[in-house]
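Here are the chains, one letter per residue:
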Amino acid sequence: FEKENPSMGKENDIIQINVGGSSTIAVLRQTLTQFDGSMLAAKFSGRWDDSLEKDRDGNFFVDQDPTNFNNLVSFLRLKNNRP
């Protein structure tokens, strides 16, 4: 699939996510996709970027509580940065 879709997302892409309409977060794609089989890995793999919900500025939109989502991203960042 990746060979046929060279514009598909890369691990080191920085993606902008509008969370709940009140908070925007920048996060590395690899942070969200580090756990194979997870909902975040599937959603932000890059394969579906064109069909995901986006806000009027082109940021991905996640309809979740910003505090909870930011806590999740903080946890994933800690896991992603472990040696």
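Look up: the structure comes first, before these words.
Rules of the game
- Residues numbered from 1 in each chain as written.
- Predicted model: local features only at pLDDT ≥ 70, side-chain atom pairs only at ≥ 80, totals over all residues.
- Heavy atoms only, no water.
- Helix = DSSP H or I, 4+ residues; strand = E, 2+ residues; numbered from the N terminus.
- Areas by Shrake-Rupley, 256 points an atom, 1.4 Å probe, with all protein chains shown as cover.
- Pairing = 2+ DSSP bridges.
- Polar contact = N/O pair within 3.5 Å; in protein donor to acceptor, adjacent residues only side chain to side chain.
- Contact = heavy atoms within 4.5 Å.

Attention now goes to the overall build of the protein chain. From N to C terminus, the protein chain includes three helices and three strands. Helices (α) and strands (β) of the protein chain occur, in sequence order from the N terminus, as β-β-α-α-β-α. Split by element, the accessible area of the protein chain, about 5700 Å² in all, is 47% carbon and sulfur.

It is worth spelling out the pairing of strand β1 (residues 14-19) at this point. Note on strand geometry: in a regular strand, side chains alternate between the two faces of the sheet. Direction of pairing for β1 relative to strand β2 (residues 23-28): antiparallel, over a ladder of six bridges. Across the sheet, Val19 pairs through a bridge with Ser23, a residue of β2. As consecutive antiparallel partners, β1 and β2 are separated by three residues, and within that stretch Gly20 has a phi angle of approximately 65°, a positive value.

The next subject is the side chain of Thr33. Its location among the elements puts Thr33 in the loop between α1 (29-32) and α2 (39-43). At 3.0 Å, the side chain of Thr33 and the backbone oxygen of Arg29 are in polar contact. Setting aside residues no more than four positions away along its own chain, Thr33 makes contact with Leu40, Ala41, Phe44 and Ser45.

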